[in-house]
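# Working through the structure, step by step
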Amino acid sequence: MAARIVRAMIPADCPAVAALIRRAFAAQSVPTDPPPSALRETEVSVAAHLTAGGGAVACAAGHIVGSVMWEPRDGGLYLERLAVDPAWRGQGIARALVGAAEAAAALAGEPRLHLGTRLVLTDNRRLFAACGFVEIAQHAHPGYAAPTWVEMEKRVEPAGSLG
């Protein structure tokens, strides 16, 4: 495995992150209905996400191979667009990025991380559960009668607290 580093996302990363998100979401383990809105991410939309909150990237072999963004929302830090290059999956990159988000939430004094993922993406649900997230509610996309996605959360200890 090549050495990798996780660092804060900066505006100059936005073009590469947008391309990574589209590539990663196009390679989901199973098709989703409706199709993922992540396939429409652009440099401009990633920059808007970054401005609204923050993010982190994982770099290896001179390239961005993973990314995650977050923003304060609904009493916590909302994780969005966690993406790992398909060629780099299974190497702990997603867990490292979730760890960066957890550290950001703790520093910001946010009591929880939360996110949404598709019900059919059982691999994603397992990953988040392994990172300490619990499923708290199921929701349907507009126009769908049955639930299509699950809301998950993880409680966060404030920075400097003894757990």
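Enumeration over the complete set of coordinates arrives at 9 salt bridges. Here Arg 23 ties to Asp 85 by a salt bridge, and the two come within 3.0 Å at their closest N and O atoms. You can see Arg 23 sitting in helix H1 (residues 14–26) and its partner Asp 85 sitting in the loop between strand S4 (76–84) and helix H3 (93–108), a full 62 residues away along the chain. Of the charged contacts, one joins Glu 102 and Lys 154 as a salt bridge, the two residues approaching to 2.8 Å between their closest N and O atoms. Note that Glu 102 is positioned in helix H3 and Lys 154 in strand S7 (residues 149–155), a separation of 52 residues in sequence. Relative accessible area serves as the criterion here: at 25%, Glu 102 is assigned to the partly exposed category. Connected through shared salt-bridge partners, Glu 71, Arg 73 and Glu 80 make up one network.

For an α-helix, 3.6 residues make a turn, and residues three or four places apart therefore share a direction. For H3, which comprises 16 residues, the first-to-last C-alpha distance of 23 Å matches the rise-based estimate of 22 Å (1.5 Å per residue) to within 8%. As for H3, its buried residues are in contact with strand S1 (4–8), strand S2 (54–60), strand S3 (63–73), S4, strand S5 (112–118) and helix H4 (122–130). Of the residues one or two after H3, Gly 109 is the one with positive phi, at around 75°.

Buried together is how nonpolar side chains tend to be arranged in soluble globular proteins. If you look at the biggest cluster of nonpolar residues, it comprises 29 residues, and the most contacted ones within it are Leu 79, Leu 113 and Phe 133. When residues of this core are traced back to their parent elements, those giving at least two are S2, S3, S4, H3, S5 and S7. The element contributing the most residues to this core is H3, with 9 residues. Core analysis: the next-biggest nonpolar cluster, separate from the first, contains 16 residues, Leu 20, Ala 24, Phe 25 and Val 57 among them.

Take the side chain of Arg 118 next. By the secondary structure assignment, Arg 118 is in strand S5. As a buried residue without a salt bridge, Arg 118 has its nearest oppositely charged side chain in Asp 33, at a separation of 6.7 Å. Polar contacts involving the side chain of Arg 118 include one to the main-chain carbonyl oxygen of Pro 34, which spans 2.6 Å. Once you skip the residues sitting within four places of it in the chain, Arg 118 turns out to touch Thr 32, Asp 33, Pro 34, Pro 35, Pro 36, Arg 125, His 141, Thr 148 and Trp 149.

A cis geometry characterises the amide bond from Asp 33 onward to Pro 34, with omega recorded as 0°. For Pro 34, the location among the structural elements is in the loop between H1 and helix H2 (43–52). With phi around 50°, Asp 74 is a residue other than glycine that occupies positive phi space. If you trace the backbone, Asp 74 turns up in the loop between S3 and S4. Its relative accessible area of 61% is what places Asp 74 among the exposed residues. Here the phi dihedral of Arg 81 falls at roughly 60°; this positive angle occurs in a residue that is not glycine. Tracing the backbone through its elements, the reader meets Arg 81 in strand S4.

Definitions and limits used
- Residues numbered from 1 in each chain as written.
- Predicted model: local features only at pLDDT ≥ 70, side-chain atom pairs only at ≥ 80, totals over all residues.
- Heavy atoms only, no water.
- Salt bridge = Lys/Arg side-chain N within 4 Å of Asp/Glu carboxyl O.
- Helix = DSSP H or I, 4+ residues; strand = E, 2+ residues; numbered from the N terminus.
- Buried < 20%, exposed > 50% of the residue type's maximum accessible area, 1.4 Å probe, protein only.
- Expected span 1.5 Å × (residues − 1).
- Contact = heavy atoms within 4.5 Å.
- Core = buried A, V, L, I, M, F, W, Y, C linked by side-chain atoms within 4.5 Å.
- Lys, Arg positive; Asp, Glu negative; His and termini not counted.
- Polar contact = N/O pair within 3.5 Å; in protein donor to acceptor, adjacent residues only side chain to side chain.

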